[in-house]
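Descriptive structure summary
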Amino acid sequence: MTPLPAAELHLHIEGTLEPELLVALAARNGVALATTDLAELRARYRFADLQSFLDIYYASLPVLRTDQDFYDLAAAYLERAAAAGVRRAEIFFDPQTHLGYGVPLATVFAGLSGALADARARHGLSADLIVCFLRNLGAEAADETLTAALPFRDQFIGVGLDSTEVGYPPSLFKAVFARAAAEGLHRVAHAGEEGGPDYVWEALDLLGVERIDHGIRAMEDPALVQRLRADQVPLTVCPLSNVALRAVNSMAEHPLPAMLEAGLRVTLNSDDPAYFGGYLDDNVAAVGRELGLGPEQFAVLARNSFDACFAPAADKRRWKAEVDAALAGAVQH
Ligand code: ADE
Ligand code: ZN
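Residues numbered from 1 in each chain as written. Chains lettered and ligands numbered in written order. Predicted model: local features only at pLDDT ≥ 70, side-chain atom pairs only at ≥ 80, totals over all residues. Heavy atoms only, no water.

Counting residues in hydrophobic clusters, the biggest one holds 98 residues, and the most contacted among them are Leu78 and Ile91. Each residue touching isoleucine 91, except ones within four places of it in the same chain, is listed here: Leu11, Ile13, Tyr77, Leu78, Leu116, Ala127, Asp128, Leu129 and Ile130. Ala7, Leu9, Ala302 and Ala308 belong to the second-largest nonpolar core, a separate cluster that totals nine residues. (Core = buried A, V, L, I, M, F, W, Y, C linked by side-chain atoms within 4.5 Å. Buried < 20%, exposed > 50% of the residue type's maximum accessible area, 1.4 Å probe, protein only. Contact = heavy atoms within 4.5 Å.)

Listed below in structure tokens is the structure:
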């Protein structure tokens, strides 16, 4: 089946590093890996929680060293995303990780921006970058990261907050998010993945975010659900990620249907597809199969993704018309 057009709004480019590319880049750059056996690498991708994933994810990233490495990483994702129906991608990356491994920001931006430009030319895919702050490194480091990124201001559209959630509440990052707002940057934050509803409240009220990444634990707080519905705050939900990191016990118990039922502006996303069992279309297939979502709900999710994205209004209208045309075509046949 042809996938519905959609925007992918929660995607860490580092989380698209497939074992094949990891091994190829390690060989290209002379970086030693614990194993180069693809089956063995994949076998390690079993996680108890967010931190056990992050430990493996960060440990793989020293293989990224040159413009070409970052280009190859993003080009592979964008090609796969285009095949999954993605028309618009808003892509997270973690500058602090690469700086920590001695890679200049200019290298990271050159490679990623080059791949984004080529994806537009090759696949008609619109994409932009969002700089994420690693919350476990603290507020001062986040502020230094924003300072380091601002010379590349024309190459990213916003800031986000990721990495270890519990113990690092959004309130710590109030000043750096205020600074980002003053620079005219969009603001998003991971909240309510492992952290409770209080993290979502703080992200909304103290950071002024325009979207919440994950947000599944918001469902534990009826007043918060009411707030998210009233303001139609987008929630970038990642079902395969939530199962892989045990944020939910099983796909059957995922709150996605309840979130839709509650009238929340939910979107579907893949988070770190190389680690969690698949890309956007794989997430669509999984929630169709295991949660019984049907065409009506997939149409809502696709429209939500375009409403929630940071692209120009004319693009959003065009993509939503494409969703309507795809649905009309599906009905006729
Ligand atoms: N970095 C990459 N994926 C992440 C996730 N799911 N949560 C927090 N930080 C991340
Ligand atoms: Zn994420």
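Anyway, onward from the coordinates.
This paragraph deals with the coordination of the zinc ion (ligand 2). Each protein donor to the zinc ion (ligand 2) is listed here as His10 (NE2), His12 (NE2), His190 (NE2) and Asp271 (OD); together their distances run 2.0 to 2.3 Å. Relative to the metal, the four donor atoms surrounding the zinc ion (ligand 2) lie at angles of 84 to 175°, and the coordination shape comes out irregular. Here the donor residues for the zinc ion (ligand 2) map to a single chain with the spacing H-x1-H-x177-H-x80-D. Remark: histidine 190 occurs in strand β5 (residues 186–191) and histidine 10 occurs in strand β1 (residues 6–12); sequence separation between them is 180 residues. For the pair formed by histidine 10 and histidine 190, the shared burial category is buried. (Donors = N, O, S within 2.8 Å, 3.2 Å for Na, K, Ca; no water. Tetrahedral: all angles 85-135°; square planar, octahedral: opposite > 155°, others 65-115°. Helix = DSSP H or I, 4+ residues; strand = E, 2+ residues; numbered from the N terminus.)

Below, the discussion takes up helix α10 (residues 222–231). Among all positions in α10, only Leu224, Val225 and Leu228 are buried. Seen end-on, α10 carries its buried residues on one side only, within an arc spanning 105°. What points out from α10, more than 90 degrees from its buried face, is the exposed set Pro222 and Ala230. Taken together, the buried residues of α10 touch α9 (197–205) and β7 (234–237). In this structure aspartate 221 caps α10, since a side-chain oxygen of it lies 3.0 Å from the backbone nitrogen of alanine 223. (Arc of directions from axis to C-beta. Polar contact = N/O pair within 3.5 Å; in protein donor to acceptor, adjacent residues only side chain to side chain.)

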